[in-house]
Amino acid sequence: MTKEIRLVEFVVLPVTKAKARKMFQIAGACRFVWNYFREKNLGDYQKFRDAKGDRPQTSFFSLALEFTKLRHETDWLRELPFAPVRYTLKHFTDALKEAMRGKKGFPKPKSRARTTPSFTLPDTARFRIRNLDKKYSLLRIPSVGWVKLTRRGGNLWENGVPKQVVLRHDGRRWRAFVFYEVEVEEKGDNGKILGIDMNVCQIATSDGHFYSLPDLSKKEARRKRYQRRMARQVKGSNRREDTKKKLAKVSRKIANMRKNWIHKTTGDISRKCGTVVVEDLKVKNMTASAKGTVENPGKNVRQKTGLNRAVLNTAFGEIRRNLEYKCGRLIKVNPAYTSQTCSECGHVDKENRKTQARFQCVCCGFASNADTNAAINIRRLGMAQLHEEGSGISTAPMNREIDARLPV
Ligand SMILES: [Zn+2]
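What counts as what
Residues numbered from 1 in each chain as written. Predicted model: local features only at pLDDT ≥ 70, side-chain atom pairs only at ≥ 80, totals over all residues. Helix = DSSP H or I, 4+ residues; strand = E, 2+ residues; numbered from the N terminus. Buried ≥ 20, exposed ≤ 12 C-beta atoms within 10 Å, placed from the backbone. Contact = placed C-beta atoms within 7 Å. Axes fitted to C-alpha atoms, helices over the stretch in contact; angles between N-to-C directions. Parallel < 35°, antiparallel > 145°, perpendicular 65-115°, else oblique. Left-handed = near helix turned anticlockwise from the far one by under 90°. Nonpolar A, V, L, I, M, F, W, Y, C, P; charged D, E, K, R; others polar. Pairing = 2+ DSSP bridges. Expected span 1.5 Å × (residues − 1). Core = buried A, V, L, I, M, F, W, Y, C linked by C-beta atoms within 7 Å.

Draft legend 1. Layout of the overall build of the protein chain. Regarding its fold elements, the protein chain presents 11 helices and 14 strands. Across the 408 residues in the protein chain, those meeting the buried criterion constitute 27%. By sequence separation, contacts in the protein chain at least 24 residues apart represent 68% of the contacts at least 6 residues apart.

What follows is the structure, encoded as structure tokens:
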């Protein structure tokens, strides 16, 4: 038996005005705390970066002490629950550490207009969850009270221990993401290995299956139209507010469609095999800006932006994360030449790739769908890697961090 973290998503049913106000207040306090500590640490960070000062404190512990003091001195903050507001500092110190390592810039301020209202109930927040087997469940948020929930995604975990809840307002209503710690039996490996080729608009598996992404182009076009319309309209006008709502709605639709597809596809793949082999692409590299610099302007800027959009559309990272915890084992292989290599005879040739979709070997004449051929090659590379490492490897991430990532 191992412990894993599982996510169940709920929608919060409408609450009283007082409760709603309180929830937004908590989210606002989190934003305030973020900005306050950002401001406070900016100077030290800049000095450190320019090698003029010492390394600033970045531990959650040291900032949390300061928070306790701040809360003691600030009346309105004292009226809001301690643990959820303080937990903002966990997010902030994580961001700060990234900045110190030079991985990212200094954390940006969170403006009221551009920040999604959200807050986290860590396991120290003493929240409670009830009636999970009923149609409506209940969640007790400290200083807000009980709110009604209805489940939207994920499975129930009766023996699971709820560890953390993230509340987030999607523009229309609050959603509650409950993270459970569950005891699971180690997934039996049925010995089947599947190679996967991820493409711009479809996933191909080595057993000849295809999973095509639903067509989002019409909805994407509508989203763009609303964005343009909103840019033209007067700030604060009713018409603009109207457009804003429509934009939020279509964005939500797109996100949901994509999410459903990812869950269905990765669920189906994980039921078929114990081990899955994927390309070790750095999604980030593929989506990095093609603009270049003034001295060295990027090539193919236009094409690349199109590809970026498409890459993001298929949400490779999300798919991989899903496969990572649904399948017993995930192997990443270098994808070089997988699209030019013949899966029958191993002949490598650019000419093998007749068109984007068609593969035909110039050496042995083997013909196949180009993506299926690539998936078979990927599977083979994965098997070779397994063999090398003595197959005793466990790449399944058993200890995902709780607040790793929420669905977008
Ligand atoms: Zn061949």
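Next comes the rest of the description.
Draft legend 2. Geometry of the packing of helix α6 (residues 217-232) against helix α7 (residues 238-272). Running from N to C, α6 and α7 point in directions that differ by 155 degrees, and their axes come no closer than 9 Å. With respect to α7, the axis of α6 lies roughly antiparallel. Where α6 crosses over α7, the two elements pack in a sense that is left-handed. Within the contact between the two elements, α6 uses Lys219, Glu220, Arg222, Arg223, Tyr226, Gln227, Arg229 and Met230 and α7 uses Arg240, Thr243, Lys244, Lys246, Leu247, Val250, Ser251, Lys253 and Ile254. When the residues that make up the contact of α6 with α7 are grouped by side-chain class, the tally is 5 nonpolar, 3 polar and 9 charged.

Draft legend 3. Structural context of the environment of threonine 355. Within the secondary structure layout, threonine 355 lies in the loop between β12 (329-333) and β13 (358-360). Note: C-alpha distance between threonine 355 and alanine 370 (15 residues apart in sequence) is 8.3 Å.

Draft legend 4. Structural detail: the sheet that holds strand β4 (residues 137-141). Strand order in the open sheet formed by 7 strands is β2-β6-β7-β1-β5-β4-β3, with antiparallel pairing between adjacent strands. The two strands at the open ends of the sheet, each matched to only one other strand, are β2 (118-121) and β3 (128-130). Across the sheet, the axes of successive neighbouring strands diverge by a mean angle of 30 degrees, strand direction being ignored. Note that strand β6 (residues 161-169) and strand β7 (residues 174-184) share 8 bridges and pair antiparallel.

Draft legend 5. Seen up close, the packing of helix α2 (residues 60-73) against helix α5 (residues 88-100). Interhelical geometry of α2 versus α5 gives an angle of 135 degrees and a closest axis separation of 10 Å. For the element pair α2 / α5, the angle class is oblique. Regarding α2 and α5, the two cross each other, and that crossing is right-handed. Judged by residue contacts, Phe60, Leu63, Ala64 and Phe67 of α2 engage Leu89, Lys90 and Thr93 from α5. Among the residues forming the contact of α2 with α5, the class breakdown is 5 nonpolar, 1 polar and 1 charged.

Draft legend 6. Broad picture of the pairing of β6. Where β2 meets β6, 4 bridges bridge the pair, whose relative direction is antiparallel. Paired with serine 118 across the strands is arginine 168, a residue of β6.

Draft legend 7. Representation of the environment of glycine 105. Looking at where glycine 105 falls in the secondary structure, it is placed in the loop between α5 and β2. Between the C-alpha atoms of glycine 105 and alanine 95, which are 10 residues apart in sequence, the distance is 8.8 Å.

Draft legend 8. Structural context of unusual backbone geometry. Even without a glycine there, the phi angle at arginine 126 is positive, about 55 degrees. Counting through the fold element by element, arginine 126 comes out in the loop between β2 and β3. Despite not being glycine, serine 143 has its phi angle at roughly 65 degrees, a positive value. Here serine 143 shows up in the loop between β4 and β5 (145-153).

Draft legend 9. Focus on helix α11 (residues 370-388). The terminal C-alpha atoms of α11, which comprises 19 residues, lie 27 Å apart, in line with the 27 Å expected from a rise of 1.5 Å per residue. For α11, the full list of buried residues reads Ala370, Asp371, Thr372, Asn373, Ala374, Ala375, Ile376, Asn377, Ile378, Arg379, Leu381 and Gly382. Taken together, the buried residues of α11 touch β8 (193-198), β9 (202-205), β11 (275-279), β12, β13 and β14 (367-369).

Draft legend 10. Structural detail: the nonpolar core. Residues Ile26, Cys30, Val33, Val165, Ala176 and Val178 are the most contacted members of the largest nonpolar core, which totals 39 residues. Broken down by element, the residue count for this core peaks at 8 residues, all from helix α1 (residues 17-49). If we skip the residues at most four places from it in the chain, alanine 176 touches Phe10, Val12, Leu139, Leu149, Val165 and Leu167.

Draft legend 11. Broad picture of the environment of tyrosine 45. Of note, tyrosine 45 is situated in helix α1. Judged by the 19 C-beta atoms lying within 10 Å of it, tyrosine 45 falls in the partly exposed class. Separated by 51 residues in sequence, tyrosine 45 and leucine 96 have C-alpha atoms that sit 9.0 Å apart. Excluding residues within four positions of it along the chain, tyrosine 45 makes contact with Pro56, Ala99 and Phe106.

Draft legend 12. Summary view of the pairing of strand β1 (residues 2-12). Pairing of β1 with β7 involves 10 bridges; the strand directions are antiparallel. Paired with glutamate 9 across the two strands is phenylalanine 177, which belongs to β7. As paired elements, β1 and β5 share 4 bridges and run antiparallel to each other. Paired with valine 11 across the two strands is threonine 150, which belongs to β5.

Draft legend 13. A look at the sheet that holds β9. In spatial order, the strands read β10-β9-β8-β11-β12; together these 5 strands make up an open sheet with mixed pairing. Each having just a single partner strand, β10 (210-212) and β12 make up the two edges of the open sheet. Ignoring which end each strand starts from, the neighbouring axes of this sheet average 20 degrees apart. Both β8 and β11 contribute to a ladder of 3 bridges, which runs parallel. Bridge pairing links glycine 195 to valine 277 in β11. Across the face of the sheet, helix α10 (residues 316-326) comes into contact with β8, β11 and β12 while running at roughly 160 degrees to β11.

By themselves these figures say nothing about function.
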